[in-house]
Amino acid sequence: VFAIFIETLSVDVLKFCRLVCKSWNHAACKELRARSCVSLSENKQGLKDFKKLVFDGDFFPEMPFPFQNIKAYGHSFKNASFNDFLHIPFMVIESLMLPLVGNTDQKELEKLLVAKGPRIKTLVLNVRHENYRFRPNPALLANEQIQLSGLKNLQLWEICPRNLNNFKLIKKLTQYSALEKIVLMIKDANILDQILSPVNLLTIKILKLVISQASTKDFEQLENLHMPSLRDLEVRVHKMWDKGQENSPNEGKFQQIASFVENVSSTIKVLTSNVLRLKLLPVCPKLEEIHVYEFKSCVSDFSLDTFPALTSINFSVITCWRRLENGFIPHPKVT
């Protein structure tokens, strides 16, 4: 009965349970470890004090430690306190941010990936860091002990100058992963084949693409993507025109986006985009939510024939609102 009671409590109440007695403290800590997560940054002040508090056992060493899961924000992996903390045996790195800067201690990174890699669920690359000087060591790429078999979530933010060396490491780190979510903020779509392998695409449930600019050739990459398990798709493109044709979108690209949606139309439940022409979309029998930015279609295009399962619509209007056309019939399931 007590075990069931502990499992049903909120995190805030579990903290109070730790104050009751030693047995309640141990039980509450066990439950907290499963539910809570510590954000640990290599560059933050106070890391040494935190290590002294919980790692060196200076504070009530007989008491259980309530944390187990870590969101680690690395930089160069040269901070000894940071590295020591990540290597605590019972600690699980659930999320790892790798800026891959030029002065990265790759031996420490390799050591960490071997020890903790199988239980990492989220990997974030290139978040607002210049990394054009990064070159992965051959030893890092060749180490067969590095297997991120538990990786489910991959995020790539290409804010700095493009570094093709990153993709060698991405392929290395994801070759044993059954990815379920991929978030890409990239400059163009011509690198998708270097990130999205046919094996990865089989298990993808959520794909979010934010592309700065894409040519007609780039969009051909999107048309060839097939994801049988996809449920949530987001495609946003900041510039839909080709060079020399500023402010004049290439309508052929909208057809290519529609062809991309057609590849996954039988499985998706959520669709988000700023580059949709609703009349071009195929029938999406399972689509429940649609989010349209820069809406330029007609409201009647949210039709029951095209979206029979639709219940929620969210769209923004950037031009003058147009009146509903005569004879407009609202979608009966949209609430």
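Residues numbered from 1 in each chain as written. Predicted model: local features only at pLDDT ≥ 70, side-chain atom pairs only at ≥ 80, totals over all residues. Heavy atoms only, no water.

Participant: Could you give me a rundown of the overall build of the protein, with the residues and numbers involved?
Facilitator: A tally of regular secondary structure across the protein gives 12 helices and 11 strands. Taken across its 335 residues, the protein has 45% of its residues classed as buried. Relative to all contacts within the protein whose residues are 6 or more apart in sequence, the contacts with residues 24 or more apart total 68%. Accessible area of the protein: about 17500 Å², with a carbon and sulfur share of 53%. (Helix = DSSP H or I, 4+ residues; strand = E, 2+ residues; numbered from the N terminus. Buried < 20%, exposed > 50% of the residue type's maximum accessible area, 1.4 Å probe, protein only. Contact = heavy atoms within 4.5 Å. Areas by Shrake-Rupley, 256 points an atom, 1.4 Å probe, with all protein chains shown as cover.)

Participant: Account for the nonpolar core, with residues named and values stated.
Facilitator: Considering soluble globular proteins, one finds that nonpolar side chains tend to be buried as a cluster. Counting 76 residues, the largest nonpolar core has Leu-96, Leu-233 and Ile-290 as the members making the most contacts within it. Top contributing element to this core by residue count: helix α12 (residues 251–264), with 6 residues. The residues touching Leu-233, leaving out its near neighbours within four places in the chain, are Leu-207, Phe-260, Val-261, Val-264, Ile-268, Val-270, Leu-271 and Thr-272. (Core = buried A, V, L, I, M, F, W, Y, C linked by side-chain atoms within 4.5 Å.)

Participant: Can you tell me about the packing of aromatic side chains, naming the residues and giving the values?
Facilitator: Tallied over the full model, the rule gives 5 aromatic pairs. Relative to Trp-24, the ring of Phe-2 lies with its centre 5.1 Å away and its plane at 50°, an arrangement referred to as tilted. On the criterion of sequence distance, the pair formed by Phe-2 in helix α1 (residues 2–7) and Trp-24 in helix α3 (residues 22–35) is long-range, its members being 22 residues apart. Residue Phe-2 is classed as partly exposed on the basis of its relative accessible area, which comes to 35%. (Phe/Tyr/Trp six-rings, centres within 6.5 Å; stacked < 30°, edge-to-face > 60°.)

Participant: Describe empty space enclosed by the protein, listing the residues and the values that go with them.
Facilitator: Applying the stated criterion across every chain yields a total of 1 cavity of 30 Å³ or more. Of the volumes computed, that of the largest cavity is approximately 30 Å³. Around the largest cavity, the lining residues are Asn-126, Leu-156, Glu-158, Arg-162, Asn-163, Asn-166 and Phe-167. For the lining of the largest cavity, the per-class residue count stands at 2 nonpolar, 3 polar and 2 charged. (1 Å grid on protein atoms, 1.4 Å probe; cavity = no way out; pocket = protein on both sides within 12 Å on 5 of 7 lines; lining within 4 Å. Points joined across faces, edges and corners; volume = space filled by probe spheres on them. Nonpolar A, V, L, I, M, F, W, Y, C, P; charged D, E, K, R; others polar.)

Participant: Can you lay out the pattern of salt bridges for me, pointing to particular residues and giving the numbers?
Facilitator: On inspection of all chains with the given rule, the structure shows 6 salt bridges. Of the charged contacts in the structure, one is a salt bridge between Lys-121 and Glu-94, with a shortest N-O distance of 3.8 Å. Pair noted here: Lys-121 is in the loop between α6 (106–116) and β4 (122–125) and Glu-94 is in strand β3 (residues 92–98), with a separation of 27 residues, a long-range link. Residue Glu-234 is joined to Lys-208 by a salt bridge in which the shortest nitrogen-to-oxygen separation is 3.3 Å. Highlighted residues: Glu-234 in strand β8 (residues 232–239) and Lys-208 in strand β7 (residues 206–213), separated in sequence by 26 residues. (Salt bridge = Lys/Arg side-chain N within 4 Å of Asp/Glu carboxyl O.)

Participant: Help me get a handle on the side chain of Asn-153, residues and values and all.
Facilitator: By secondary structure assignment, the location of Asn-153 is in strand β5 (residues 153–157). On the basis of relative accessible area, Asn-153 is assigned to the buried category, the value being 12%. Asn-153 has contacts with Lys-121, Thr-122, Leu-123, Leu-179 and Lys-181, leaving out every residue within four places of it along the chain.

Participant: Describe in detail the sheet that holds β3, supporting the description with residues and values.
Facilitator: The sheet built from 11 strands is open, its strands ordered β1-β2-β3-β4-β5-β6-β7-β8-β9-β10-β11 with parallel pairing. Two strands in the sheet have a free side with no partner beyond their single neighbour: β1 (37–41) and β11 (312–315). Sheet twist, expressed as the average angle between the axes of neighbouring strands with direction ignored, equals 10°. Where strand β6 (residues 181–186) meets β7, 6 bridges bridge the pair, whose relative direction is parallel. Each bridged residue has a counterpart across the sheet, and for Ile-186 the counterpart in β7 is Ile-211. The sheet strands contacting α12 are β7, β8 and β9 (270–273), and the helix crosses β8 at an angle near 170°. (Pairing = 2+ DSSP bridges. Axes fitted to C-alpha atoms, helices over the stretch in contact; angles between N-to-C directions.)

Participant: Describe a positive patch on the surface, naming the residues involved and giving the relevant values.
Facilitator: A contiguous patch of positive charge, built from Lys-205, Arg-231, Lys-269 and Lys-286, is present on the exposed surface. Mapped onto the elements, Arg-231 comes out in the loop between α11 (216–223) and β8. (Patch = residues over 30% accessible without salt bridge, like charges linked within 9 Å, V, L, I, M, F, W, Y side chains within 5 Å. Lys, Arg positive; Asp, Glu negative; His and termini not counted. Charge placed at Lys NZ, Arg CZ, Asp CG, Glu CD.)

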